[in-house]
Amino acid sequence: MFTKVLVANRGEIAVRINQSLRAMGIAPIAVYSDADAGAPHVASADYSVALPGNTAEETYLNIPVIVKAALDCGADAIHPGYGFLSENPEFARACHEAGMTFIGPTPESMEALGDKVRSKEIAQRAGVPVVPSSPVCRPRDNATREFAEQWGYPLMVKAAAGGGGRGMRLVQDRQDLDRAVESAGREALAAFGDGRVFLERYIANPRHVEVQVMADSFGHTINLGERECSIQRRHQKIIEETPSPAVTPELRRRMGEAAVAIAREAGYVNAGTAEFLLDPQSGEYFFLEMNARLQVEHPITEAVLGLDMVEWQIRIASGEPLTLRQEEIQPRGHAIECRIYAEDPYRDFAPSTGTLLRWRPPSGAGLRLDSGVAEGQEVSIYYDPMLAKLIAWAPNRDLSLRRMEVALSQFQALGVITNIPVLRAVVNHPQFQAGAYDTGFLEWNPAVTAPLIAEDTQTLARTLAAWSATRPVATTSPEAGTDIRAGRRPWQSVGQRTLP
Amino acid sequence: MFTKVLVANRGEIAVRINQSLRAMGIAPIAVYSDADAGAPHVASADYSVALPGNTAEETYLNIPVIVKAALDCGADAIHPGYGFLSENPEFARACHEAGMTFIGPTPESMEALGDKVRSKEIAQRAGVPVVPSSPVCRPRDNATREFAEQWGYPLMVKAAAGGGGRGMRLVQDRQDLDRAVESAGREALAAFGDGRVFLERYIANPRHVEVQVMADSFGHTINLGERECSIQRRHQKIIEETPSPAVTPELRRRMGEAAVAIAREAGYVNAGTAEFLLDPQSGEYFFLEMNARLQVEHPITEAVLGLDMVEWQIRIASGEPLTLRQEEIQPRGHAIECRIYAEDPYRDFAPSTGTLLRWRPPSGAGLRLDSGVAEGQEVSIYYDPMLAKLIAWAPNRDLSLRRMEVALSQFQALGVITNIPVLRAVVNHPQFQAGAYDTGFLEWNPAVTAPLIAEDTQTLARTLAAWSATRPVATTSPEAGTDIRAGRRPWQSVGQRTLP
Amino acid sequence: MTSTDGHMREVYPVGGESYRYRIADMDGLFTIEVEGEGPTGPKAEITIGIESRQAGEGLCRTQSGRTHPFAWAWVGTELHLWLDGQLFVFERAETRRRGGAENNEASGDIVAPMPGAVLEVLVGEGERVEAGQTILLLESMKMELAITAPRSGVVRRVAVQPGQQVERGMRLVELEGEG
Amino acid sequence: MTSTDGHMREVYPVGGESYRYRIADMDGLFTIEVEGEGPTGPKAEITIGIESRQAGEGLCRTQSGRTHPFAWAWVGTELHLWLDGQLFVFERAETRRRGGAENNEASGDIVAPMPGAVLEVLVGEGERVEAGQTILLLESMKMELAITAPRSGVVRRVAVQPGQQVERGMRLVELEGEG
């Protein structure tokens, strides 16, 4: 087993990997940009190395600097997390060449599967249906236009190296095609260091269902069940749940076998996720892409299966066999994840920056919080606006949704605007609660981004705001400058007031 | 099902019950003393009622005031939590007489089982072995002295209505007997409103193992497995785990059946816990007492079984049948709980009071925090010094202990002294990790209350303390009084310094 | 920072409406007058917790026993209020005169909806644009955001250039005509 | 509260030893002299987070890359330092002259180890007590705590009476003889 592992990431996923490493008795090494000097992913590591600069290119995407940091610290292995360099075969090769283990698949299968175009060919060889798509394309290219004419509009532009909605564009008609290809390519280059994009036929109103697979280096490959990820804004997931309300036991078995078949065909090792579009009416599914890394939403699988996926990633990478058998994979209860983003739902989900002046997440039975921030932390413009993930588990779907709703209603985040009210509105929505939703949910229910607030709550809010504005600030407070022992009790009643 | 439920408690257990109530769509009503006006158990309720005063007698033990509050708010039922009035049959009767449901057993079985003397008779009728004990006794009483002479010293004095180590004394020899009986009686009266005590033969070096039972009003009674609670200081549990490292599958079956037999004999309904002393060598067990209420440590049972015990308490009280079958009760993985107390391990665990200036609990995979406090809260002298419970679950015991250790090492609590360093030292202790411990563990390992700290850590601590003392306080800080926008970035590097 | 006597403008989440408050703070007591609203509601008890220069928390209990935890923070000139799990943003009315984002928009300015870097400017001064047309690309947190024209008109001035860092509310482009 | 130049006495957790610091703060730079300790350690980089009047947090990274999160809070005249999951308590040396708890104990006083109420006083003035004998019962947080004599001696003065509220460190009983 490894002694020291460098985590080439930041935010909640780096904190989460640090925790598994420490629980396994392995020392985590953090890397950090200038803006992240005091971040929780640094504080939760045993060692840390500064990556000078702030942009992703200078820091978390900077292969030579990260590999050098790992060597300098004596790391045995590197865990890439998700995003950044996690699906970059060059990085995996650079790790191997420097004599360290890359915790993930081989560069070869990563190249084959991480590339959305080649991964579809593998799926087809494995006998799994795929969505029709073009080869890698460029703006104003003839082949690009031909594919578009053949399948008609709307069309999707996707990044070949992509994931998480980055480098993805929906093209409504011909005149937008070139600009979309250009813009997606640019975004993909910035996000993944790889600007290749391709076109894909647009399937209307599908559900997005993915299957987790895990494979060791001895040819043992299993699936860990599905996750429903249809609640998306700008093609980025915000709420996931497992089991999927749309997946029958029979469908679960078939999709699970399909995912394993693709992984086997690609000689895949370690954790990976096969994404499918599911037509909820016909029960048809189409393989979309394989994410050759840990997924953001892996905690819901951990919650229902009772295992630590990061631990298994590390064990498998260190050469241990995967001792879990397919028949042991029996989900218990239901889990849902909400992604807390620093973005303003009332301003078209524009990222919100600033200082987290209050950050008081809920805790308790069935709740898990994977967080990359702490109170007092600054949320900068440089990185992904996801602050944390809240996961609720319960013996059944109904209770897990209710637990999530209660937890969201108690989550105090002030200083940056977050999407918490929208998450709450979705979890409370009858259509979501009935499980009858697809990837168009947010588009069709604009009301969830502008929830109705009862008139008396509004009145109370106005009154309390006016009241809060009268609170003396510390500099004018009578006890400022006096010994803290003389300060007033931290909680005090200010008595009865008539509120309008 | 109920519409509104009053929770007649405070702290973490009231917060926890509020969460289950809200998840079930029931409005929780909080009650609070003057000192608790801003406490989390009030903030997490939909309604709240002030109980004027601060002492437990004036507030959380005040039956008429609590029953009136419940009636005024239109509560259908009252949940007593643990401690306070939870095992007081008078309170249960007062609830019934006011037309409300008491969420717990009937006053009759509570009287029979909650009383440690009568509960032993029930156990004997159910064919379960018990520890020899005296009838209820008074100081300087002949019967008391006779029992003492018969069994010899050391002896235990215990509160008939007790629990949680309150009203309990170990008597080493004859001359201490009367004072111990007197003192235990007084403490029992203050804690439970019932000053009756009795003597019990002292079993040296036992393990403390308890079995959770759950029974509905239709005669269906099951056991939910055991909890190992041998890590105690002053006869009060501080660390619990399940499954117990000392319990074999065969012993688990026998103890489970014994607990169910006692519950059946007593006509018990709702959640209850049968406590046993276990001789780890012989595998013999003795029934000790039945706690006719929810236990502090119920979350570890919830963690391995995947159920919400408070939800079941409420369902059963509302007249629903317990649909869980004994054969479904299959623990998955391992769970451990550490109780975070505001007490100073270096001053003989004396309670510590003050303001929680920093309270940054850990979160993440496999962690649960049940907390009754928040940053900025005052910890007063009036109530139990338990601030929160940290629960770690993992697929196996080794990983759950390691997760707990990592989580404790990241738990920042400042302003009041806590027992966190002791909890960490226990979890790290080879004897604890081997599972080879009993109720004398803390006594035999005084080193865990004064852990060795490496010399370089001490040097760093001294240096950082000196450094922290140089930090300008807000009143002398240059930006005080300026607009907050002009304030410095919340995290900033102060550069390289030479540390001694 | 103290606004013991002032007006507040509500900017969120109830778009159209605007409430004004006059707050008088005398010896710790205060009265609140709400313009255009007369009724006086039930009595409430407010318990406050710790306060820093920027943020505070409290618990409000009305006479019916209904309990509402709340918290507030000053973010620049905005007062952010968390109440019952909802976020409300208020802005001091005075700032209006200094020119807030909303105000600028009405006057023909297109402002940055978030901080970030200008990636590309797609229009030139004097150019005619249609409502909904993309006029500028911003990049923030690794995402591209297309800034579109809120209405048709002619570009009077382009205030930024590619590569420039912008703050939220900063003017990007000035439009004229068809107001 | 600011102790930009002062002595500190370590009272915890390393019982017997006592360290003094002299801290000079000049224009934001500072030097630390540790009495009786000469060696100069490795270079370290310290990153600090938010600070209030009472508490703050930081991250210390030594030249080897080893990373130590820490946090501090002032509790009265004590500086509580959280480092690597351990708590260290320091006391300003000046307070010694004003008479801290430890100091009193050495001089023959028996002080309250925690805040609470006096339940019962079991000894009278002039009475002879043995080491370990219970002399007083305190109640705090619903628990009884027996206060025992640290050594044998004669009770010179009983400073409290049943029912009285006491603070931590307050003198309860004064012993004389056999010091």
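Computed from a prediction, not measured in an experiment: that's the story for all the values here.

Quick notes on the rules
One numbering rule holds for all chains: residues counted from 1, following each sequence as written. Chains and ligands are labelled by the order in which they are written, letters from A for the one and numbers from 1 for the other. The predicted origin of the model limits local features to residues at a pLDDT of at least 70 and limits the giving and counting of side-chain atom pairs to 80 or more, whereas totals for whole chains, interfaces and linings rest on all residues. Each side-chain value is derived from all of the structure's non-hydrogen atoms; neither hydrogens nor water enter the calculation. Note on conventions: DSSP H or I runs of at least 4 residues are helices, E runs of at least 2 residues are strands, and numbering of each starts at the N terminus. Only C-alpha atoms enter the radius of gyration; for comparison, a globular chain is expected to reach 2.2 Å times N to the power 0.38, where N is the number of residues. Between buried and exposed lies partly exposed: a residue is buried under 20% and exposed over 50% of the maximum accessible area for its type, with that area taken using a 1.4 Å probe on protein chains only. Contacts are assigned to residue pairs that have any heavy atoms within 4.5 Å of one another. Surface exposure here means Shrake-Rupley accessible area, sampled with a 1.4 Å probe, where a residue is shielded only by the protein chains that are shown. Stacked, tilted and edge-to-face are the three classes applied to pairs of Phe, Tyr and Trp rings, where Trp contributes its six-membered ring and a pair requires centres within 6.5 Å; stacked means planes under 30 degrees apart, edge-to-face means over 60, and tilted covers the rest. Put simply, a charge is over a ring when the Lys NZ or the Arg CZ is close to the ring centre, within 6 Å, and near the line of the ring normal, within 35 degrees. The angle between two axes is taken between their N-to-C directions and runs from 0 to 180 degrees, where each axis is a line fitted to C-alpha atoms and a helix contributes only its stretch in contact. Oblique is the label for any angle not covered by the other classes, which are roughly parallel (under 35 degrees), roughly antiparallel (over 145) and roughly perpendicular (65 to 115). By the convention adopted, Pro, Cys, Tyr, Trp, Phe, Met, Ile, Leu, Val and Ala count as nonpolar, Lys, Arg, Asp and Glu as charged, and the other residues, Gly among them, as polar. In these notes, a set of buried Ala, Val, Leu, Ile, Met, Phe, Trp, Tyr and Cys residues joined through side-chain atoms within 4.5 Å is what counts as a nonpolar core. What fixes the domain bounds is an automatic or database domain assignment. Only strands that DSSP links by at least two bridges are regarded as paired with each other. The span one expects for a helix is its residue count, reduced by one, times 1.5 Å. Accessible-area loss on putting two parts together, using a 1.4 Å probe and summing over both, is the definition of buried area adopted here. Take a side-chain nitrogen of Lys or Arg and a carboxyl oxygen of Asp or Glu: if they are within 4 Å of each other, that pair is a salt bridge. Points on a 1 Å grid, built from protein atoms alone, make a cavity when a 1.4 Å probe fits but cannot get out and make a pocket when they are open with protein on both sides within 12 Å along at least 5 of 7 lines; residues with an atom within 4 Å of a point are the lining residues. Grid points are joined across faces, edges and corners, and a volume is the space filled by probe spheres set on the points. Here a polar contact means two N or O atoms within 3.5 Å. Within protein one must be a hydrogen donor candidate and the other an acceptor candidate, and residues neighboring in sequence count only if both atoms are side-chain atoms.

Peer 1: Even after reading the chapter, I still don't get the overall build of chain A, so can you show me in this structure?
Peer 2: From N to C terminus, chain A includes 16 helices and 24 strands. Radius of gyration (C-alpha) of chain A: 24 Å, near the 23 Å computed for a compact globule of 500 residues. Its C-alpha atoms put chain A at 75 × 50 × 50 Å along the principal axes. Taken over 500 residues, chain A has a buried fraction of 67%. Restricting to contacts in chain A with at least 6 residues of sequence separation, those with at least 24 account for 66%. With the model as given, the accessible surface of chain A reaches about 16300 Å², and the carbon-plus-sulfur share is 50%.

Peer 1: When you look at the overall build of chain C in this model, what are you seeing that I'm missing?
Peer 2: Along its length, chain C carries two helices and 16 strands. Within the span of chain C, comprising 179 residues, buried residues form 51% of the whole. A separation of at least 24 residues holds for 40% of the contacts in chain C among residues at least 6 apart in sequence. When the accessible surface of chain C is totalled, it reaches about 7800 Å², and 45% of it is carbon and sulfur.

Peer 1: Looking at this model, I keep getting lost on the packing of aromatic side chains. Mind explaining?
Peer 2: Between two aromatic rings, the relevant description is the distance of the centres plus the angle of the planes. Tallied over the full model, the rule gives 22 aromatic pairs over all chains. Arranged with centres 6.0 Å apart and planes meeting at 85°, the rings of B:F91 and B:F102 form a pair that is edge-to-face. In this pair, B:F91 is assigned in helix α4 (residues 89-97) and B:F102 in strand β5 (residues 101-102), connecting sequence segments eleven residues apart. When its relative accessible area of 3% is taken as the criterion, B:F102 is described as buried. Following the ring pairs from residue to residue traces out a cluster consisting of A:Y60, A:F84, A:Y382 and A:Y383. Across the ring face of B:Y47, the terminal group of B:K4 is positioned such that the distance to the ring centre comes to 4.4 Å. Across the ring face of B:Y437, the terminal group of B:R207 is positioned such that the distance to the ring centre comes to 4.6 Å.

Peer 1: Would you mind going over the packing of α4(B) against helix α5 (residues 107-114) of chain B with me for this structure?
Peer 2: Any two packed helices are characterised by how steeply their axes cross, that is the angle between the axes, and by the distance between the axes. Residues and elements named next belong to chain B. Where α4 meets α5, the closest approach of the two axes is 9 Å, and the angle between their N-to-C directions is 175°. Of the possible angle classes, the one that applies to α4 and α5 is roughly antiparallel. Contact residues: P89, E90, A92, R93 and H96 in α4; P107, E108, M110 and E111 in α5. Residue composition of the contact of α4 with α5, by class: four nonpolar, one polar and four charged.

Peer 1: Looking at this structure, I do not really get the nonpolar core. What am I missing?
Peer 2: Soluble globular proteins tend to bury their nonpolar side chains together. Within the largest apolar cluster, 73 residues are counted, with the highest numbers of intra-cluster contacts made by A:M214, A:I239, A:W359, A:L408, A:V426 and A:F432. Of all the elements, strand β22 (residues 386-394) of chain A adds the most residues to this core, at seven residues. Split by domain, the residues of this core number at least three in each of domain 1 (4-103) and domain 3 (207-449) of chain A. Those residues in contact with A:V426 that sit more than four places away from it in its chain are A:I231, A:I239, A:F432, A:F441, A:L442 and A:V448. Core analysis: the next-biggest nonpolar cluster, separate from the first, contains 72 residues, B:I239, B:L294, B:L305 and B:M404 among them.

Peer 1: Looking at this structure, I do not really get the sheet that holds strand β20 (residues 367-371) of chain A. What am I missing?
Peer 2: Pairing between the strands of a sheet is mediated by backbone hydrogen bonds and can be parallel or antiparallel. Residues and elements named next belong to chain A. The strand order across the open sheet built from eight strands is β14-β13-β10-β11-β12-β15-β22-β20, with neighbouring strands paired in antiparallel fashion. Two strands in the sheet have a free side with no partner beyond their single neighbour: β14 (285-291) and β20. Adjacent strand axes in the sheet meet at a mean angle of 25°, parallel and antiparallel pairs treated alike. Direction of pairing for strand β11 (residues 221-233) relative to strand β12 (residues 236-242): antiparallel, over a ladder of four bridges. Bridge assignment links E228 to a residue of β12, and that residue is E241. Against the sheet, helix α9 (residues 249-265) makes contact with β10 (207-215), β11, β13 (270-278) and β14, and its axis sits at roughly 110° relative to β11, the strand it touches most.

Peer 1: I would appreciate a short explanation of unusual backbone geometry in the present structure.
Peer 2: For residues other than glycine, phi is negative in most cases, and the peptide bonds are mostly trans. Cis geometry marks the peptide bond from B:Y153 to B:P154; its omega dihedral reads -5°. You can see B:P154 is positioned in the loop between α7 (142-151) and β7 (155-159). Omega for the bond connecting B:T242 with B:P243 falls within 30 degrees of zero, at -10°, which places this linkage in the cis form. With phi around 50°, A:R234 is a residue other than glycine that occupies positive phi space. Along the polypeptide, A:R234 turns up in the loop between β11 and β12. Using a relative accessible area of 35% as the deciding quantity, one classes A:R234 as partly exposed.

Peer 1: Just checking my understanding: could you explain helix α8 (residues 177-192) of chain B for this structure?
Peer 2: A turn of α-helix holds 3.6 residues, and therefore any two residues three or four places apart point the same way. Residues and elements named next belong to chain B. Taking 1.5 Å per residue as the helical rise, α8 with its 16 residues ought to reach 22 Å, and the 22 Å between its terminal C-alpha atoms agrees with that figure. Most of α8 is tucked away, with twelve of its 16 residues classed as buried. Along α8, the positions that sit buried rather than exposed are L177, D178, A180, V181, S183, A184, G185, E187, A188, A190, A191 and F192. Positive phi appears at G193, one or two residues downstream of α8, with a value of about 70°.

Peer 1: Explain the domain arrangement of chain A to me, please; I cannot follow it from the model alone.
Peer 2: How big an interface is tends to be stated in terms of the accessible area lost upon association of its parts. Residue and element names in this part refer to chain A. Once the domains are mapped, chain A shows domain 1 (4-103), domain 2 (132-201) and domain 3 (207-449). With four residues of domain 1 at the interface, the matching set in domain 2 holds four residues. Both faces considered, domain 1 and domain 2 share a buried interface measuring about 290 Å² in area, 33% of it formed by carbon and sulfur atoms. Of all residues in domain 1, E57, L61 and E87 give up the largest surface area on contact with domain 2, accounting jointly for 66% of the area buried on that side. Counting the contacts that link domain 1 with domain 2 gives zero salt bridges. Split by residue class, the side of domain 1 that touches domain 2 holds one nonpolar, one polar and two charged.

Peer 1: Quick question: what am I supposed to make of empty space enclosed by the protein here?
Peer 2: To find leftover empty space, one rolls a probe the size of a water molecule over the atoms. Overall, the coordinates contain twelve cavities of 30 Å³ or more when judged by the stated rule. Put simply, the largest cavity is a space of about 520 Å³. Around the largest cavity, the lining is made up of 26 residues, and of these A:A303, A:W393, B:A303, B:G366 and B:W393 lie nearest the centre. Those elements that place two or more of their residues in the lining of the largest cavity are α10 (298-305), β20 and β22 of chain A together with α10 (298-305), β20 (367-371) and β22 (386-394) of chain B. Class assignment for the residues of the lining of the largest cavity results in 14 nonpolar, four polar and eight charged. Its volume calculated, the second largest cavity comes out at about 180 Å³.

Peer 1: Is there a simple way to think about the environment of B:N142 in this case?
Peer 2: Within the secondary structure, B:N142 sits in helix α7. When the C-alpha atoms of B:N142 and B:A263 are compared, they prove to be 34 Å apart, with 121 residues separating the residues in sequence.

Peer 1: Sorry, what's going on with the pairing of strand β7 (residues 78-83) of chain C here?
Peer 2: Regular strands place side chains that alternate from one sheet face to the opposite one. Residues and elements named next belong to chain C. Of all six residues in β7, six are buried, a share of seventy percent or more. The two faces of β7 match: E78, H80 and W82 on one face and L79, L81 and L83 on the other face are all buried. Summarising the sheet, strand β6 (residues 67-75) and β7 pair through six bridges and their orientation is antiparallel. When the bridges of β7 are listed, A73 appears paired with H80. Taken together, β6 and the strand that follows it, β7, pair antiparallel across an intervening segment of two residues, in which G76 is found at a positive phi of about 60°.

Peer 1: Teacher, can you tell me more about the side chain of A:E297 here?
Peer 2: All names here are of chain A. One can find E297 in the loop between β14 and α10. With relative accessibility at 1%, the residue E297 sits in the buried group. Only 2.8 Å separates the side chain of E297 from the side chain of R339, close enough to count as a polar contact. In contact with E297, not counting residues within four places along its chain, are E210, R227, C229, K237, E240, E337 and R339.

Peer 1: Where do I start with the sheet that holds strand β9 (residues 109-111) of chain C in this structure?
Peer 2: Residues and elements named next belong to chain C. The strand order across the open sheet built from four strands is β9-β16-β14-β11, with neighbouring strands paired in antiparallel fashion. Edge positions in the sheet fall to β9 and β11 (128-129), since each has one partner strand and no second. Taken together, the two bridges between β11 and strand β14 (residues 153-158) define a ladder with antiparallel strand orientation. Across the sheet, V129 pairs through a bridge with G153, a residue of β14.

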